Amino acid sequence: MLLISNCFFAQVHEQRIVESNQLNAPVFISVEPLAEKSENYQTLSEKEYVISFCQQYAPEYVSLIQSSYSSPNNWSRTVNGVGQTINFNPQNREEIIKEFETIIHETTHHKNSFSGFLIEPSVYLVLSEQERQISNNFFNSDFIARVVSSEAQDKIFRYKTYVSKQSGVGANVEGIVGLMDEYSAYQNGCTAALIAYDNALKNKDTTLAITFLKSAMATHYAYYEFNIFIGAYVQYARLYNPEVHQQILKLNTLKRAYSLNTQRFLNSLQIIQSASTRLKGNYRSVKYTADYYNKTYVDFEKEYMKNFDSDLQALKSNP
Ligand SMILES: [Zn+2]
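Keep in mind that what you see is a predicted model, and the values were worked out from it rather than measured.

Each value, and the rule that gives it
- Residues numbered from 1 in each chain as written.
- Predicted model: local features only at pLDDT ≥ 70, side-chain atom pairs only at ≥ 80, totals over all residues.
- Helix = DSSP H or I, 4+ residues; strand = E, 2+ residues; numbered from the N terminus.
- Buried ≥ 20, exposed ≤ 12 C-beta atoms within 10 Å, placed from the backbone.
- Contact = placed C-beta atoms within 7 Å.
- Core = buried A, V, L, I, M, F, W, Y, C linked by C-beta atoms within 7 Å.
- Pairing = 2+ DSSP bridges.
- Axes fitted to C-alpha atoms, helices over the stretch in contact; angles between N-to-C directions.
- Expected span 1.5 Å × (residues − 1).
- Bend = angle between axes of the 7 residues up to and from the residue.
- Parallel < 35°, antiparallel > 145°, perpendicular 65-115°, else oblique.
- Left-handed = near helix turned anticlockwise from the far one by under 90°.
- Nonpolar A, V, L, I, M, F, W, Y, C, P; charged D, E, K, R; others polar.

Visitor: Just to check I follow, could you spell out the overall build of the chain for this structure?
Guide: Assigned secondary structure in the chain consists of 16 helices and six strands. For the chain, the spread of C-alpha atoms along the three principal axes comes to 55 × 40 × 40 Å. Looking at the chain as a whole, 41% of its 319 residues qualify as buried. For the chain, contacts bridging at least 24 residues in sequence account for 73% of all contacts bridging at least 6.

Visitor: How should I be thinking about the environment of Tyr159 in this particular structure?
Guide: Here Tyr159 lies in helix α7 (residues 159-163). Since 20 C-beta atoms lie within 10 Å of it, Tyr159 is described here as buried. Along the sequence, Tyr159 and Phe229 sit 70 residues apart, while their C-alpha atoms lie 8.2 Å from each other. The residues contacting Tyr159, other than those within four sequence positions of it, are Gln153 and Ser164.

Visitor: It is not clear to me how the nonpolar core should be interpreted in this structure. Could you clarify?
Guide: A general tendency of soluble globular proteins is for nonpolar side chains to be buried together. Core analysis: the largest hydrophobic core is formed by 76 residues, its most contacted members being Ala196, Phe229 and Tyr233. Examining the composition of this core, we find that 15 residues originate from one element, helix α9 (residues 175-202), more than from any other. In contact with Ala196, not counting residues within four places along its chain, are Tyr57, Ala58, Phe100 and Phe212.

Visitor: Would you mind going over the sheet that holds strand β2 (residues 27-33) with me for this structure?
Guide: For sheets, the rule is that strands pair by backbone hydrogen bonds, running either parallel or antiparallel. Spatial ordering of the open sheet is given by β1-β2-β3-β4, a layout of four strands whose pairing is antiparallel. Strands at the two margins of the open sheet, each flanked by one partner only, are β1 (14-18) and β4 (82-84). Averaged over all pairs of adjacent strands, the angle between strand axes in this sheet comes to 25°, irrespective of strand direction. Pairing of strand β3 (residues 75-79) with β4 involves three bridges; the strand directions are antiparallel. In the strand pairing of β4, Thr78 is matched with Gly83.

Visitor: Explain helix α15 (residues 284-304) here, please?
Guide: One full turn of an α-helix is made of 3.6 residues, so residues set three or four places apart face in the same direction. Taking 1.5 Å as the rise per residue, α15 with 21 residues should run 30 Å; its terminal C-alpha atoms sit 29 Å apart, in good agreement. When the local axis directions of α15 are compared, the greatest deviation, roughly 45°, occurs at Asn294. Of the surrounding secondary structure, the elements contacted by the buried residues of α15 are α6 (150-155), α10 (206-220) and α11 (222-240).

Visitor: How do you make sense of the pairing of strand β6 (residues 123-126) when you look at a structure like this?
Guide: Regular strands place side chains that alternate from one sheet face to the opposite one. Note that strand β5 (residues 116-120) and β6 share four bridges and pair antiparallel. Looking at the pairing, Gly116 lines up with Val126 of β6. Hairpin connection between β5 and β6: a loop of two residues separates the two successive antiparallel strands.

Visitor: Sorry if this is basic, but what is going on with α11 here?
Guide: When the terminal C-alpha atoms of α11 are compared, their 26 Å separation across 19 residues agrees well with the 27 Å that a helix rising 1.5 Å per residue should span. Of all 19 residues in α11, 16 are buried, a share of seventy percent or more.

Visitor: How should the packing of α10 against helix α13 (residues 252-273) be read in this particular structure?
Guide: Where α10 contacts α13, the axes come no closer than 11 Å and their chain directions differ by 125°. Considering their axes alone, α10 and α13 lie oblique with respect to each other. Between α10 and α13 lies a crossing of left-handed hand. Residue-level inspection shows Ala216, Met217 and His220 of α10 in contact with α13, the latter providing Ser268, Leu269 and Ile272. Of the residues that constitute the contact of α10 with α13, the class distribution is four nonpolar, two polar and no charged.

Visitor: What's the story with the packing of α9 against α11 in this structure? I'm lost.
Guide: Pairs of packed helices are described in terms of their axes, by the angle between the two and the distance that separates them. Running from N to C, α9 and α11 point in directions that differ by 165°, and their axes come no closer than 10 Å. With respect to their mutual orientation, α9 and α11 come out roughly antiparallel. Our pair here, α9 against α11, has a crossing hand that is left-handed. Contacts from Gly175, Ile176, Leu179, Glu182, Tyr183 and Tyr186 in α9 reach Ala222, Phe226, Phe229, Ile230 and Tyr233 in α11. Taken together, the residues of the contact of α9 with α11 sort by class into nine nonpolar, one polar and one charged.

Visitor: Just checking my understanding: could you explain the environment of Arg238 for this structure?
Guide: Mapping Arg238 onto the fold places it in helix α11. In sequence terms Arg238 and Asn137 are 101 residues apart; their C-alpha atoms lie 16 Å from each other.

Visitor: What should I look at first to understand the environment of Ser63 in this one?
Guide: Looking at the secondary structure, you find Ser63 in helix α3 (residues 62-68). Note on Ser63: 13 C-beta atoms within 10 Å, which makes it partly exposed. Spatially, the C-alpha atoms of Ser63 and Ser122 are 8.3 Å apart, while their sequence positions differ by 59 residues.

These figures capture arrangement, not role.
Spelled out as structure tokens, the structure:
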């Protein structure tokens, strides 16, 4: 089901905001897979370069790259709304560093397109045939507008892209299953970047470690956003579509995927929060970025997420 929709809808797969070296204003980046190319498009050697990099900085993720690699040359990218050509050269280490988290994010989507949810490379949960059939009939995620205030809709960075009425991405048209796919992709990208941060620090390469940390920070608040989207989806179902609500609570694979991705995402948030202790004086160069994300994308979302607490808890429980 996820595969089919990839063919029909323009899929923004990742959105992030990064600092700019030249400008004072932050830079908005979004990534979409190109329609016509397949995962087999890239040469074998490109994949080998990425694997060898991954072996060094995030060995846990080598098996995922091996099975489901998504090449940056298969994506289109907009930066501040302007289309950009990607000419990814895997022999240039700087380019792999720059693309690493997004490669893991897109590769996770590729893996998930076989009707499952990646928790970590060694844990992949597949929806049963029955679960797939049931969830096929769920409502679009944009229905949550009824339980999300217009202030929140405006403030949440990834709202418009993933769950607004205009949005044709899987996170909208596949309802809660599409939301979980996106949650899994952000979680794995962020986690992999933090594993690389940890390994770079162990190699005493603080500059590289900070690069990976900032990469993780550019997406980590997707945790709050997707918990709002998922919690609002369950809440909407509970209030206005009890039949779907009952069905959601019976989707054990989806519920396990939510619980396990949440645990790992929280662990990543913890690593980001403890970075100041670990980096000591070097944290100075990170602090501005951290404050910016917190002020702009975390504080409000973290508070707003509380509106969906009980619905998110219900998703974690076993029947
Ligand atoms: Zn994505």
